[in-house]
Amino acid sequence: GWASDRSIMAALVLDDLVLSASRRPELLESEIELCWVQSADLEFDKHKGETWRNGTLAVTSHRLLWLKPEHDADHQTTSSAPARDCSLPLSSIKGHRGVNSFFKKTPRVILSVWRSAEGRPACAEAAQAEELDEVSVALRGPSGSYDTMEKNLTLALSRQEWKRAPLRKTGLTVGETYALATERQRGATSSARVGASAAGIGGLVRKQREDNLRADKSIDGAFKDLAALMDKAREMVDLSAKLKEALRENAESADDTNDEDKGIEKFLLTLGITSVVTKTTAGSMFHQQLSQQLSDFLEEPLKKSSGALALVDVYCIFNRARGIELVSPEDLIEAAALFPKIGAGMRLRKFESGTLAIQSSEHSDEALYEKLEAMAQEGGKPVGIGPDDVAGGLDIPLILAREYLLMAEQDQVLCRDDGPDGLRFYRNFFRDLFEY
């Protein structure tokens, strides 16, 4: 481990980075990705030129993230210590300078990093004055990588998002949380004045006019520039996170949860991705990053939908969670097709009719057929089942229930009866006859 070797600069400075199952970094609270660049080397100049090569770098509102290549042969180091996924808090960066000229083949961003006495990254207040180290980021990727990183790093350092107060656990109920959020949105100024000017119909009209003006200013400010828009998006995601937390606490404390709360919980499950992957932030890595974020996002919905979701439903809930950054159907399909490549625990499946669906890797057609055969019998007697029966019995969308029935018929597990009661499917007892 890094703690056992204090002689290695990289192990002392950079923190371990926690990744999801799809190798997406787990972000801090209110942390937002700003850009991704490929083919980035980390060079630790003060420690015998140690270098970690060919990684992927991300600039976020709070940290610099570095992911080692997935294949061991691709990440070479100039020391005996293996490269690892790591992060550097922006609060520990005293300053940075760029080296990018016609005479330099590889552009670099050189970071001056504060260190504590214990050798960890630290802010200026916690670090000793003489404890400064340099870390260089060599950008060997596309020609625009340097400009992308330098611009976003400068923006993140100037905004200092890490100094803003994170969302705190309040223990409020859903109603109290909503009321608090609404009151906060109005602003402190609206609750301060009490007097003759605020009384009567004239006072109500004036108050409504003031609220409208504040709302207009809020909308104008949100779309004025990217930084303000990021603030507004974070407020909405924080609100959804607070509502989720309150619902979870209420569900744990209550003996039974009513249908209305279950519906709200299911809706909030798909509300708000803190840092959405976009073509602007991910660049040439867009579809890979989108695939990783999509697989992480679908873990819970797949569990609640018996391991399968129609792609049209995935499109709806994923875009609802992304807010204004909608993804096109073509990009969604391309991202889903990359699931095997990124090692996700799900796959894109195309049925005979052309219907597309996302299925968990744990899904088994044989186990599905056993469930369908069990549903087609009642007390040892055959009964006909239709898409409605399968959708209700397996808790899956109607479109997938129909595809499963047709698939079972094609594999001779079920046989159809198109009669006065409509199309029904029965257990195929002819197959039992031919087995003997």
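Criteria and cut-off values
- Residues numbered from 1 in each chain as written.
- Predicted model: local features only at pLDDT ≥ 70, side-chain atom pairs only at ≥ 80, totals over all residues.
- Heavy atoms only, no water.
- Pairing = 2+ DSSP bridges.
- Helix = DSSP H or I, 4+ residues; strand = E, 2+ residues; numbered from the N terminus.
- Contact = heavy atoms within 4.5 Å.
- Axes fitted to C-alpha atoms, helices over the stretch in contact; angles between N-to-C directions.
- Buried < 20%, exposed > 50% of the residue type's maximum accessible area, 1.4 Å probe, protein only.
- Arc of directions from axis to C-beta.
- Phe/Tyr/Trp six-rings, centres within 6.5 Å; stacked < 30°, edge-to-face > 60°.
- Core = buried A, V, L, I, M, F, W, Y, C linked by side-chain atoms within 4.5 Å.

Caption draft 1: Structural view of the sheet that holds strand E3 (residues 50–60). The sheet built from 8 strands is open, its strands ordered E1-E5-E4-E3-E2-E8-E7-E6 with antiparallel pairing. Edge positions in the sheet fall to strand E1 (15–16) and strand E6 (93–99), since each of these pairs with one other strand and no more. Where E1 lies against strand E5 (residues 86–89), 2 bridges are found, and the strand directions are antiparallel. Its bridge partner lying in E5, Asp15 is registered against Ser87. Along the sheet, helix H2 (residues 145–159) contacts strand E2 (33–44), E3, strand E4 (63–67), E6, strand E7 (108–114) and strand E8 (132–139); its crossing angle with E6, the most-contacted strand, is approximately 155°.

Caption draft 2: Region of interest: helix H13 (residues 387–394). Every buried residue of H13 is accounted for by Val390, Ala391 and Leu394. When H13 is viewed along its axis, its buried side chains cluster within an angular range of 100° and face the same direction. Away from its buried face by more than 90 degrees, H13 exposes Asp388, Gly392 and Gly393. Residues of H13 that are buried make contact with helix H12 (365–375) and helix H14 (398–410).

Caption draft 3: Seen up close, the packing of aromatic side chains. Within the structure shown, the criterion is met by 5 aromatic pairs. With a centroid separation of 5.6 Å and 75° between ring planes, the pair formed by Phe44 and Trp52 is classed as edge-to-face. What makes Phe44 buried here is its relative accessible area of 0%. Relative to Tyr404, the ring of Phe351 lies with its centre 6.1 Å away and its plane at 65°, an arrangement referred to as edge-to-face. Of the two residues, Phe351 sits in the loop between strand E10 (346–350) and strand E11 (356–360) while Tyr404 sits in helix H14, which places them 53 residues apart along the sequence. Judged on exposure class, the residue Phe351 and its partner Tyr404 are both buried. Here a set of aromatic residues connected by ring pairs shows up, and it is made of Phe44, Trp52 and Trp66.

Caption draft 4: The nonpolar core, seen in detail. Residues Leu64, Leu111 and Met149 are the most contacted members of the largest nonpolar core, which totals 28 residues. Counting only elements with at least two residues in this core, the list comes to E2, E3, E4, E5, E7, E8 and H2. Per-element tally for this core: the top contributor is E2, with 6 residues. When sequence neighbours within four positions are dropped, the list of residues in contact with Leu64 reads Ala58, Val59, Cys86, Ser87, Leu88, Leu90, Ile93, Leu111, Met149 and Leu153.

Caption draft 5: Focus on the pairing of E4. Of all 5 residues in E4, 5 are buried; the element is thus mostly enclosed. Covered by surrounding structure in E4 are Arg63, Leu65 and Leu67 together with Leu64 and Trp66, the residues of both alternating faces. Pairing geometry for E3 and E4, over 4 bridges, is antiparallel. By the bridge assignment for E4, Leu57 is matched with Trp66. What sits between E3 and E4 in their antiparallel hairpin is a turn of 2 residues. As paired elements, E4 and E5 share 4 bridges and run antiparallel to each other. In the strand pairing of E5, Arg63 is matched with Pro89.

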